[in-house]
Amino acid sequence: MLVSATEMLKKAKAGHYAVGQININNLEWTKIVLQTAQELNSPVILGVSEGAGKYMGGFKVVQDMVAALDEEMGITVPVATHLDHGTYEGCYKCIKAGFTSIMFDGSHYPIDENIAKTTELVHVAHQLGLSIEAEVGAIGGEEDGVIGRGECADPDECKQIADLGVDMLAAGIGNIHGKYPADWEGLSFETLDKIQQKTGIMPLVLHGGSGIPDEMVKKAITLGVSKVNVNTECQLSFAAAVRKYIEAGKDLEGKGFDPRKLLAPGVEAIKQTVKEKFELFGSVGQA
Ligand code: 13P
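The present account deals with the structure reproduced in this document. Being a predicted model, the structure only gives us computed values, none of them experimental.

It is worth spelling out the overall build of the chain at this point. Helices and strands together make up the secondary structure of the chain, namely 12 helices and 10 strands. Taking 287 residues into account, the globule formula puts the C-alpha radius of gyration at 19 Å, and the chain, at 18 Å, falls close to it. Considered along the principal axes of its C-alpha atoms, the chain spans approximately 60 × 45 × 35 Å. In the chain, of all internal contacts separated by at least 6 residues, the share reaching a separation of at least 24 is 71%. As presented, the chain carries roughly 12700 Å² of accessible surface, and 55% of it is formed by carbon and sulfur atoms. Of the side chains in the chain, 26 bear a positive and 39 a negative charge, and the two mean positions are spaced by 5 Å.

Set out below in structure tokens:
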């Protein structure tokens, strides 16, 4: 059931669990994430970066694919199609394509410009019934060619952006996209605590959810994180399983080269990763 992310996140914040944003990359990804969410009776947010949207042929292709799968697969759990780290222009493209949720990442603008652009997009999104995420304090690592430094957000700036009426707020607390370096200092719970105190009931978003130790994720959820984003971990488990299949020479046996067979172990691996994440986040049975 395609919906905005507003209600599922309000429920998660009140219930002290988090909804998983699982980023999608193709048809196989989308199908297995939807199937897993349905089997576990969990809400889910399908994250689509601008790069992934382009790769899949455009945001309209993505939106129509998700809507058609939602219908054909009889998905009844809440599902949101969400632009991940959107530019100003990307937000408008996704609104036009029919996404149910957008993220405007204005974290690289001076705070006044971030506020001005976020204010406009909140107005447009809410008029159309979409949810909107904003960001303060860059998330570290690389995503679609943009390198963030992993800085901690200023709690006062978080309050300023939260007061604009966004539905969820991504605030940097030392988290990084992609693999965490060996000398990573961990999440700054002190910063998270201050942000939560300033922003109250606002659902907070933890980006870079791959590779954060489980105990840290759980603690972040107790401090107001209601959405955790996961991309890299699904990519790694998919790639490892397909590699194993090929290295075992299975693609050379019979019709093992059939893409439906070749990619099947990867799809099964994504399912396992998503299941583990939903269990960790506490969203199982919350649809
Ligand atoms: P990872 O790729 O580190 O899981 O981060 C995903 C994310 O935060 C998407 O915005």
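Past the structure itself, the notes keep going.
So, about the packing of aromatic side chains. In the structure shown here, the tally under the stated rule is 5 aromatic pairs. Relative to Phe238, the ring of Trp29 has its centre 4.9 Å away and its plane inclined at 45°; by these criteria the two rings are tilted. Of the two residues, Trp29 is situated in helix H2 (residues 27-39) and Phe238 in helix H10 (residues 232-247); the sequence distance between them amounts to 209 residues. Classification of Trp29 by relative accessible area gives buried; the value is 4%. For the ring pair Phe59 and Phe99, a centre distance of 5.6 Å and an interplane angle of 80° mean the geometry is edge-to-face. Of the two residues, Phe59 sits in helix H4 (residues 59-72) while Phe99 sits in the loop between helix H5 (88-97) and strand E4 (101-104), which places them 40 residues apart along the sequence. Neither residue differs from the other here; Phe59 and Phe99 are each classed as buried. Above the plane of the ring of Tyr109 lies Lys117, whose end atom (NZ or CZ) is 4.7 Å from the centre.

Okay, the site of the ligand next. Taken together, 15 residues are adjacent to the ligand, and Asp84, Gly178, Gly208, Ser210 and Thr232 come closest. In the model, an oxygen atom of the ligand is placed 2.5 Å from a nitrogen or oxygen of the Thr232 side chain. Relative to its unbound accessible surface of 300 Å², the ligand loses 99% to contact with the protein. Looking at the shell around the ligand residue by residue, the class counts come to 2 nonpolar, 11 polar and 2 charged.

Now for the state of the cysteines. If you walk through the whole model with that rule in mind, you get 0 disulfides. Considering cysteine sulfurs only, Cys94 is the nearest to Cys91, which forms no disulfide, with 7.1 Å between them. With no disulfide of its own, Cys158 has Cys152 as its nearest cysteine by sulfur position, at a separation of 10.0 Å.

With that settled, consider the packing of H4 against H5. Two elements in contact, H4 and H5, have axes separated by 9 Å at closest approach and are oriented at 40°. By the angle between their axes, H4 is oblique relative to H5. The two elements H4 and H5 cross, and the hand of that crossing is right-handed. Side by side, H4 and H5 meet where Phe59, Lys60 and Gln63 of the first sit next to Gly90, Lys93, Cys94 and Ala97 of the second. Taken together, the residues of the contact of H4 with H5 sort by class into 3 nonpolar, 2 polar and 2 charged.

This part is about the nonpolar core. Within the largest apolar cluster, 74 residues are counted, with the highest numbers of intra-cluster contacts made by Val33 and Ile102. With 6 residues, helix H12 (residues 264-281) is the single largest residue contributor to this core. The contacts of Val33, once residues within four sequence positions are left out, are Ile22, Val44, Leu46, Ile270 and Val274. With 12 residues, the next largest nonpolar core counts Tyr17, Ala80, Met103 and Val205 among its residues.

Attention now moves to the side chain of Ser49. Here Ser49 is to be found in strand E2 (residues 44-49). For Ser49, a relative accessible area of 9% gives the class buried. Here the side chain of Ser49 touches Ala52 through a polar contact of 3.0 Å, landing on its backbone nitrogen.

A few words on the packing of helix H7 (residues 155-162) against helix H8 (residues 189-199). Any two packed helices are characterised by how steeply their axes cross, that is the angle between the axes, and by the distance between the axes. In contact at an axis separation of 9 Å, H7 and H8 are set at 35° when each is read in the N-to-C sense. Remark: the crossing between H7 and H8 carries right-handed chirality. Side by side, H7 and H8 meet where Pro155, Asp156, Cys158, Lys159 and Ala162 of the first sit next to Lys194, Ile195, Lys198 and Thr199 of the second. Tallied by class, the residues present in the contact of H7 with H8 amount to 4 nonpolar, 1 polar and 4 charged.

Conventions and cut-offs
- Residues numbered from 1 in each chain as written.
- Predicted model: local features only at pLDDT ≥ 70, side-chain atom pairs only at ≥ 80, totals over all residues.
- Heavy atoms only, no water.
- Helix = DSSP H or I, 4+ residues; strand = E, 2+ residues; numbered from the N terminus.
- Rg over C-alpha atoms; globule rule 2.2 N^0.38 Å.
- Contact = heavy atoms within 4.5 Å.
- Areas by Shrake-Rupley, 256 points an atom, 1.4 Å probe, with all protein chains shown as cover.
- Lys, Arg positive; Asp, Glu negative; His and termini not counted.
- Charge placed at Lys NZ, Arg CZ, Asp CG, Glu CD.
- Phe/Tyr/Trp six-rings, centres within 6.5 Å; stacked < 30°, edge-to-face > 60°.
- Buried < 20%, exposed > 50% of the residue type's maximum accessible area, 1.4 Å probe, protein only.
- Lys NZ or Arg CZ within 6 Å of the ring centre and 35° of its normal.
- Near = heavy atom within 4 Å.
- Polar contact = N/O pair within 3.5 Å; in protein donor to acceptor, adjacent residues only side chain to side chain.
- Nonpolar A, V, L, I, M, F, W, Y, C, P; charged D, E, K, R; others polar.
- Disulfide = S-S within 2.5 Å.
- Axes fitted to C-alpha atoms, helices over the stretch in contact; angles between N-to-C directions.
- Parallel < 35°, antiparallel > 145°, perpendicular 65-115°, else oblique.
- Left-handed = near helix turned anticlockwise from the far one by under 90°.
- Core = buried A, V, L, I, M, F, W, Y, C linked by side-chain atoms within 4.5 Å.

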